[in-house]
Amino acid sequence: MGKKVVLAPLDPVHDIGLKMIRRGLEQAGHQTWLFPPDYSPQEIVNGIIEHKADVVLISRTLGYGVEEILARFVDLVDAAGVREKVKLGVGGMAIRAELAAELGFDAGFGPGTPVEAAVAFVEGREFKPSREGTEKKKIDMVGTYDYSFNNASIKAMLDNITNQIIEWSAKRSSPGVERAQLREEILKQEGLGRDTASLRKEYAKLCDDVIADYYTKGSLHAQTRGLEQAELDSLEQYVERTRARMRPLDIRHTRKKPAVFVQYGTGCPFMDIAHIKIAEGWGADGVVHFDPSWGARTEGFLEGYLTHQQDGSVITPENLRCIRSALEESSLWQVRAHRGLNTPETVVLAGECGADLTKINIVYGALGAGTDPSRLTVDAVAAIKYAARYNLPFDVVTNEELCGVPAHKAFAGMLIVANLALALGAKPILQPLFCYSPEVMINKAMEDNYIDFNAAKLIALRQIVDAPIWPGAPIGFLTQNEDRVQSSVSTGLHAGLAASLGVDAISIASADEAYSGGPIAGASRVDTLQSVRETFRFMGQAKIEPTRQAEDMAGELLAGIETALRETVQVGDFVAALHEGVLGNRDEGAYPGRSGKDTVTGG
């Protein structure tokens, strides 16, 4: 049976919300009276009595005097002897459910309340937000690309280098490659319920002492401890409660891409999952696992549910499975494997634990992250083969942000690894840096704006190959300062530019990521997610257009990429080219790494 509903603004002019609610109520079969904004409280009460209203909906948008005005209105309704006969609801920008209850209303509706919630209140039923139409689906980032090359000269040089790398690595191995094989066998035998003690004994022989001690003595790395069962039980309950009430936002508005990624690595799986659930709730499409820097420089992985005192979350099978179990079905999950001594095994664990993506780049890891070029070349070839077997697309990050390596050299290295991946059956994703990088600071390529040089990178790459592009990591990072508003705005603007240029994904930082001095805050993570969401809402299908300068810059990048590849071919040995600085030299801040030096066997 339809209700009689009076809708009245206690506000000089604002009644748009009430008009929208009236429409919803009338469509639901209720009888309504919408009073004008100039009615006094007494005139509203008289109208309630005259129409024998069942429900009264008041709106108050202006915040000043809100409590006094609304409280006096409730007193007036009470004094008129009709309070017990009507349900009172109030909504507006300054209204919250707690305030409404305190003032004597039966319900309060804050900003963003859907019309359906007000209709449910009038009809005396619980409002249950529908997830229909808002269900997110996992994004396929590589499905529409055929990886065809548009530049025959560059393709020919890449094939030359690729063949040389494959031939060079074919008869070589490393402790990292052997551990990956053992880890795969350990997981297989565990799945069959068989004893794996002898395999772990062999595994320990290939590890550094701090890791070997775990397998032989049961001791842990000094900065780690095992999570207690009570902590794991509490974590499971937290995830269940969060999932039950979470309604993920759609961050991309009317766009299908870019997918929006955030990075986590608090050191503690519990805190990681809390950050992940915050990010998912505010619309993130994917998350990236960061491991501690010492983990990349140490041979071997620990096992168990481990928390770590400092930045970066320890990779173990148990930690990864724990995090995977907490993810929404729609969330993309990347486990990075690109830079250290455990690259092949990381890809094995990522594949076995259900990751969607990984990250591999020989040039970045060998010249920017401290791993010996020979070792990382051998390990990366094995890792790429695992990525192909587990169907894990991987991004190839560039190393411009770490030093001052020119973009054309970083891109040449990125394209070498991407072409190698294609030859080995994997699916690479190009990841150009998308921010105010050290190279840009030195060469002033962004002196006028932050648009043209970033656009030039994408123009150049698309003139070379049809491949997915995922700028990062993260976008706009070096344009941020300690002001959270500035950081959020800058991130949003870079996201808008990335969307305009049609990229497939972006990684964003929290508003305090560069200046937190410790763990980042959940509120700062929400800052940039909200900023990106508002930017996409503001832009819709509109675009940011670069100036003509972007085309000129793209031409210069293409010429530089061709030069770097030509010089690599002339050296005739990819590893030697890394040492000789062809893809980044010491003056540019690129230093061949030493971790894992002299550990390659065979050849």
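Structure report, in brief. Bear in mind the structure is a predicted one, so any value in this text is a computation, not a measurement. (Residues numbered from 1 in each chain as written. Predicted model: local features only at pLDDT ≥ 70, side-chain atom pairs only at ≥ 80, totals over all residues. Heavy atoms only, no water.)

**What about the packing of helix α10 (residues 229-245) against helix α11 (residues 269-281)?**
Where α10 contacts α11, the axes come no closer than 11 Å and their chain directions differ by 5°. Accordingly, the angle class assigned to the pair α10 and α11 is roughly parallel. Mapping the contact onto sequence places E231, S234, L235, Y238, V239, T242 and R243 in α10 and F270, I273, A274 and K277 in α11. Grouping the amino acids of the contact of α10 with α11 by side-chain chemistry returns six nonpolar, two polar and three charged. (Axes fitted to C-alpha atoms, helices over the stretch in contact; angles between N-to-C directions. Helix = DSSP H or I, 4+ residues; strand = E, 2+ residues; numbered from the N terminus. Parallel < 35°, antiparallel > 145°, perpendicular 65-115°, else oblique. Contact = heavy atoms within 4.5 Å. Nonpolar A, V, L, I, M, F, W, Y, C, P; charged D, E, K, R; others polar.)

**Observations regarding the layout of surface pockets**
Of the voids in this model, the largest pocket is the one considered here, and its volume is about 910 Å³. Looking at the largest pocket, it is lined by 38 residues, and the ones nearest its centre are Q263, F290, D311, R336 and E513. Looking at the lining of the largest pocket, the elements with two or more residues in it are β8 (259-264) and α12 (293-296). In terms of residue class, the lining of the largest pocket is made up of 16 nonpolar, 13 polar and nine charged. (1 Å grid on protein atoms, 1.4 Å probe; cavity = no way out; pocket = protein on both sides within 12 Å on 5 of 7 lines; lining within 4 Å. Points joined across faces, edges and corners; volume = space filled by probe spheres on them.)

**Focus on the sheet that holds β8**
Overall, parallel pairing links the seven strands, which are arranged β14-β13-β12-β11-β9-β8-β15 in an open sheet. Strands at the two margins of the open sheet, each flanked by one partner only, are β14 (428-431) and β15 (505-508). For this sheet the average axis-to-axis angle between neighbouring strands, irrespective of direction, equals 30°. Here four bridges tie strand β9 (residues 286-289) to strand β11 (residues 332-336), and the two strands are oriented parallel to one another. Note on β11: the bridge partner recorded for G286 is L332. (Pairing = 2+ DSSP bridges.)

**Remarks on empty space enclosed by the protein**
By rolling a water-sized probe across the atoms, one finds the places where empty space is left. Going through the model one piece at a time under the given rule, you end up with four cavities of 30 Å³ or more. If you add up the space inside the largest cavity, you get close to 90 Å³. Around the largest cavity, the lining is made up of 14 residues, and of these D291, A296, G340, N342 and T346 lie nearest the centre. Elements that contribute at least two residues to the lining of the largest cavity include exactly α12 and α14 (343-352).

**Structural notes on a nonpolar patch on the surface**
A cluster of nonpolar side chains, M441, I442 and L478, forms an exposed patch at the surface whose accessible area comes to about 270 Å². Locating M441 in the fold gives a position in helix α18 (residues 438-443). (Patch = residues over 30% accessible without salt bridge, like charges linked within 9 Å, V, L, I, M, F, W, Y side chains within 5 Å. Areas by Shrake-Rupley, 256 points an atom, 1.4 Å probe, with all protein chains shown as cover. Salt bridge = Lys/Arg side-chain N within 4 Å of Asp/Glu carboxyl O.)

These figures capture arrangement, not role.
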